[in-house]
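# Analysis of the macromolecular model
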Amino acid sequence: MEVILAGAETPAQSRQRPDSPPLLHATGITKMFGAFKANDGIDLAIRPGEIHALLGENGAGKSTLVKILYGVLQPTEGRILWKGQPVGIPSPSAARKLGIGMVFQHFSLFEALTVVENIALALSDRKSRSALAREIEQISVEYGLPLNPSSVVADLSVGERQRVEIVRCLLQNPELIIMDEPTSVLTPQEADDLFVTLDKLTARGCAVLYISHRLEEVKRICHHATILRHGKVVSECDPQKETAAKLATMMVGVEVRKLSSDLPPPQNTRTRLSVTDLSLPQPHPFAVALSHISLEVKAGEVMGIAGIAGNGQGELFDALSGERTCDRAASVSIDGKPCGNSGVTARRRLGAAFVPEERLGHGAVPRMRLSDNVLLTRHSTGDHLLRAGVLDTDAARQLADRISRSFDVRKGTPDPEAGSLSGGNLQKFVVGREIDRQPGVLVVSQPTWGVDAGAAAIIRQALIDLARSGSAILVISQDLDEVLEIADHVAVISKGHLSPSRPTSGLTREEIGLLMGGMGEPLTADRGALHAG
Amino acid sequence: MRVELVRRGERSAAMAYLSPLLALLLTLIGGALIVIVWRLSTVDLSNPASGGFFGALQQGFVDYGRFLYVFFIEPLTELWSLEELVAKATPIILVAIGLSLCYLSNTWNIGAEGQIAVGAITGSFLPIFFPDWHGPFMLPAMLVLGMLGGMAYAAIPALLKIRFGTNEILTSLMLVYVAQLFLDYLARGPWRNPEGHNFPDSRAFDGGQVLPTLFDTNIRISLIFVFIAAFAAWFLMRWTKMGFQIKVLGQAPRAGAFAGFSQNRMVLLTFLISGALAGLAGICEVAGPVGQLRTSVSPGYGFTAIIVAFLGRLNPIGAIFAGFLLALSYLGGEGAQIALGMSDQTTRVFQGMLLFFVLACDSFIFYRLQIVRTPTLQTGTVTS
């Protein structure tokens, strides 16, 4: 840990924030969604020629702010000055007219078309295809974005596809480019190429608003950083003058919550869930590959996996549940029985239960009644819901009622469709359906995502109670407060790597924040260089 | 003011049953427009004898009244046409029951017409090559071979989808034409009756090679197959784990995978079931009303069954009712052709409108209409 910290603290190269009046100045931006303040009086000033980092956890309000600047959303309050003039940005095309471009994390390209065709589709003024191709070539040479205009997008790598998006953006001569986590889909080498391009852009006076949570990158390339937490600006700083640890603390906050479990986790119990050296390639280009993941959860304990969204949590869940199997049986063991190559039903029969992140359409079928949804995960677990292949609907209904009673699932009719329940009530049902089985191993992803405080408390307490009764529980959550509240051990997932687990007591938020910011990943070549420097 | 579709909390059971009736009503209105426009187009408006525009309009309404009678009532007034109705409804319903299972699992077999043709071919193999066999096992063997043929042919698009991810809508549809042309070739070429005066038909099946009739009518025992198949499919969907799997995978594939159900297995299974029923329908035509293998054994029953499946709410029992309605449209179309001189495509137009309207009306099962008065925008506030 210390070694990495020392490396990260070394400034890569000195960068000076340009000293000029702001190109874009947003003041007092507030955005309400119902009673929820996604943005709360945000001030942001971006100067021409700077790379301005926007840092924050999931749900800090980054996306909302960026959508407002790009005209996708309208602010509830606040105003935006562009070159000193107050402007309204009613739509993305208005933003582009002003000179604001955006490169999204997920690309919008037609795979069957060529590069030049894709770009022509996005441009409002008509040019001949060959003139456009020449222009694309010119820009790609100028900014170091090698690209063949006549290649078909389907044949391009993810990095090349991003270049198409950037070139498309540059053709409109933007003065401000918003980039949403541009390196999350790139290899380290591709990321380095992108940074060279960004330097060329800023050298010409173009400003870049760079959204990221990867501290090392921000320290390396950004001139200035604005840090959001819970919808507010908590700090502005020069990332090169701050340590990665300081940035992490600003990002995740410092307040400490008290744990609510009365009993300490039992000591020296047997391992009920173990994962050893689990690696899986990415199933599609926007997914994350799992890389040498190992973990152990013992009877009686809750283990938490923290991390920022999109770092492999979904892929890990699928690998643990058996929705995606791997070739090596030994990579996942439940109660000592290897089951890495067997499917979800076999793993349930071994005593494991799973609660996925997405309630509707994954954990439950929205248009089916609760009594049918009970059957979804418990058709083969010895609950006597089937007799000689024929459904016992009475038994299923009784089971649904039992779950609803013990987890206080509020419903309008005796057996409603799952999709008609509120988020919190459905989540109580989906979690309750598994806990009701008293599973030996429970893997649960985002147990309280989008759930009101009352339901969240019931769910967390039920998880702790289940653990103390001798089960092993793995909680994958992006809510750091939740992980710290209920987990006995914590590991952090970052770009498909899992850090070693640590006891929650004696772990500081700063340490977790650093791991979430990618500082716990194995060293790559360029981090090695940082160490040397 | 504008009209919005607002999502309902739960599906509306009432709308699920009302939707086909509403669709039928809209089809009748659409049909009226077509008949009236058709009448207007045939009248020389400049000729005073025709009564001018209003005269033609009036004539159009009269025609439509006759059209409705000929289309919907007349076929029900005589015994022979009722028997004809059952004969046409039988293959349509058999196929529609299989397709209902397919569509419930979100698998799209559009090629039942081809599976009917292949079922007819494989089922006709025995009576054509062994014309003297009439034993008690002959007919069952023909039926089994017909079902196996339909299954095997339906397995092609299913396996292509599982192995290569091809779109089963396209492959199953394209295979229809392959099967039809192959049937055409057999009937004109190798399987033609050598004593048939060069007509492109096989030898006529007889004795133990044709389906017996029920009571003293022309209705064949294949009607019983319809009820057996409908009950079996209803039981499967309502009471078995297999039916549960079909529904889960059809509605939420991700939840199906989470439940441990295999999408690929279900694609194959539903294609095989629907192929078997289409094959059965094919051989029942050949061994029934048609009585020999011809260049074509079905006037589009495989496609009509798609409409029947949806009109019957993808429910096997519903398919029986819908099947009789669509069978009526075949008879009514012929009647309209004879009595009014309308095109022989009238049946197709009627069926197409019905499918269009029923799919449109099905939106109201999950959505309801709401009239929204546009609020006056106040400056300074923004609605999200």
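Residues numbered from 1 in each chain as written. Chains lettered and ligands numbered in written order. Predicted model: local features only at pLDDT ≥ 70, side-chain atom pairs only at ≥ 80, totals over all residues. Heavy atoms only, no water.

Assigned secondary structure in chain A consists of 18 helices and 23 strands. In terms of C-alpha radius of gyration, chain A reaches 25 Å, essentially the compact-globule figure of 24 Å for 533 residues. If you line up chain A on its principal axes, its C-alpha atoms span 70 × 50 × 45 Å. When burial is assessed residue by residue, chain A has 56% of its 533 residues classed as buried. Taking the intrachain contacts of chain A between residues at least 6 apart in sequence as the baseline, contacts between residues at least 24 apart amount to 69%. Element-wise, carbon and sulfur atoms account for 52% of the exposed surface of chain A, whose accessible area totals about 21400 Å². (Helix = DSSP H or I, 4+ residues; strand = E, 2+ residues; numbered from the N terminus. Rg over C-alpha atoms; globule rule 2.2 N^0.38 Å. Buried < 20%, exposed > 50% of the residue type's maximum accessible area, 1.4 Å probe, protein only. Contact = heavy atoms within 4.5 Å. Areas by Shrake-Rupley, 256 points an atom, 1.4 Å probe, with all protein chains shown as cover.)

Time to look at the sheet that holds strand E14 (residues 332–334) of chain A. The strands making up a sheet associate through hydrogen bonds between their backbones, and the pairing can be parallel or antiparallel. As summarised here, the arrangement of the four strands in space is E12-E11-E14-E15 (chain A), forming an open sheet in which the pairing is antiparallel. Two strands lie at the open edges of the sheet, namely strand E12 (290–298) and strand E15 (337–338) of chain A, each paired on one side alone. (Pairing = 2+ DSSP bridges.)

Further remarks concern the packing of helix H9 (residues 244–252) of chain A against helix H17 (residues 509–519) of chain A. Residue and element names in this part refer to chain A. Contact geometry for H9 and H17: axes closest at 8 Å, N-to-C directions at 100 degrees. By the angle class used here, H9 and H17 are roughly perpendicular. Contact residues: H9 offers Ala-244, Ala-245, Ala-248, Thr-249 and Val-252, while H17 offers Arg-509, Glu-510, Gly-513, Leu-514 and Met-519. Split by residue class, the contact of H9 with H17 holds six nonpolar, two polar and two charged. (Axes fitted to C-alpha atoms, helices over the stretch in contact; angles between N-to-C directions. Parallel < 35°, antiparallel > 145°, perpendicular 65-115°, else oblique. Nonpolar A, V, L, I, M, F, W, Y, C, P; charged D, E, K, R; others polar.)

Another aspect to go through is the nonpolar core. By size, the foremost hydrophobic cluster in this structure holds 195 residues, and its most contacted members are Ile-119, Leu-198, Phe-429, Leu-442, Leu-463 and Ile-473 of chain A together with Tyr-103 of chain B. Broken down by element, this core gets its largest block of residues, twelve residues, from helix H3 (residues 79–104) of chain B. In contact with Leu-442 of chain A, not counting residues within four places along its chain, are Ala-353, Phe-354, Val-355, Glu-434, Ile-435, Leu-463, Leu-466, Ala-472, Ile-473 and Leu-474 of chain A. If you look at the next biggest cluster of nonpolar residues, it comprises 30 residues, including Leu-273, Leu-295, Ile-493 and Leu-498 of chain A. (Core = buried A, V, L, I, M, F, W, Y, C linked by side-chain atoms within 4.5 Å.)

So, about the packing of aromatic side chains. Applying the stated criterion across every chain yields a total of 19 aromatic pairs over all chains. When the centroid spacing of 5.0 Å and the interplanar angle of 35 degrees are considered together, the rings of Phe-67 of chain B and Phe-71 of chain B count as tilted. Residue Phe-67 of chain B and its partner Phe-71 of chain B are both found in helix H2 (residues 52–73); the two are separated by four residues, about one turn of the helix. Taking 5.8 Å as the distance between ring centres and 35 degrees as the angle between the ring planes, the aromatic pair formed by Phe-231 of chain B and Trp-234 of chain B counts as tilted. Taken together, the residues span about one helical turn, with Phe-231 of chain B and Trp-234 of chain B both in helix H7 (residues 222–239) at a distance of three residues. Residue class for Trp-234 of chain B comes out partly exposed when judged on its relative accessible area of 30%. Site record: aromatic cluster; members linked through ring pairs are Tyr-64, Phe-67, Phe-71, Phe-72 and Phe-350 of chain B. We note Arg-348 of chain A situated over the ring of Phe-258 of chain B; from NZ or CZ to the ring centre the distance is 4.8 Å. Cation over ring: Arg-238 of chain B sits above Trp-239 of chain B, and NZ or CZ is 4.3 Å from the ring centre. (Phe/Tyr/Trp six-rings, centres within 6.5 Å; stacked < 30°, edge-to-face > 60°. Lys NZ or Arg CZ within 6 Å of the ring centre and 35° of its normal.)

Moving on, we come to the interface of chain B and chain A. At the junction of the two partners, chain B supplies 26 residues and chain A supplies 37 residues. For the pairing of chain B and chain A, the buried interface totals around 2500 Å² over both sides, and the portion due to carbon and sulfur atoms is 59%. Per-residue buried area on chain B facing chain A is highest for Glu-10, Phe-244 and Phe-258 of chain B; these three make up 30% of the total on that side. Remark: the boundary between chain B and chain A carries one salt bridge. As a salt-bridge pair, Asp-318 of chain A and Arg-254 of chain B come within 3.2 Å of each other at their nearest N and O atoms. The tally of links between chain B and chain A comes to seven residue pairs in polar contact (both at pLDDT 80 or more). (Buried area = accessible area lost by both parts, 1.4 Å probe. Salt bridge = Lys/Arg side-chain N within 4 Å of Asp/Glu carboxyl O. Polar contact = N/O pair within 3.5 Å; in protein donor to acceptor, adjacent residues only side chain to side chain.)

All names here are of chain A. Among the five residues that make up strand E19 (residues 441–445), five are buried, leaving the element largely enclosed by the rest of the structure. Residues Val-441, Val-443 and Ser-445 of E19 are buried on one face, and the alternating residues Leu-442 and Val-444, pointing to the opposite face, are buried as well. Direction of pairing for strand E16 (residues 352–355) relative to E19: parallel, over a ladder of four bridges. When the bridges of E19 are listed, Phe-354 appears paired with Val-443. Taken together, E19, helix H15 (residues 453–468) and strand E20 (residues 472–476) form a β-α-β motif whose crossover is right-handed. (Right-handed = clockwise from strand over helix to strand, strands pointing away.)

Time to look at the domain arrangement of chain A. Residues and elements named next belong to chain A. Segmenting chain A into domains produces domain 1 (2–21 + 48–72 + 88–252) and domain 2 (271–361 + 438–525). Here domain 1 and domain 2 have C-alpha centroids that lie 31 Å from each other. On the domain 2 side, the residues contacting the 25 residues of domain 1 number 20 residues. Summing the contributions of domain 1 and of domain 2, the shared interface buries around 1900 Å²; its carbon and sulfur component is 65%. Linking domain 1 to domain 2 there are one residue pair in polar contact (both at pLDDT 80 or more). Of all the elements in the fold, those that place two or more residues in the side of domain 1 that touches domain 2 are helix H1 (2–9), helix H8 (215–221) and H9. For the side of domain 1 that touches domain 2, the element with the most residues is H9, which contributes six residues. Tallied by class, the residues present in the side of domain 1 that touches domain 2 amount to 14 nonpolar, seven polar and four charged. (Domains from an automatic or database assignment.)

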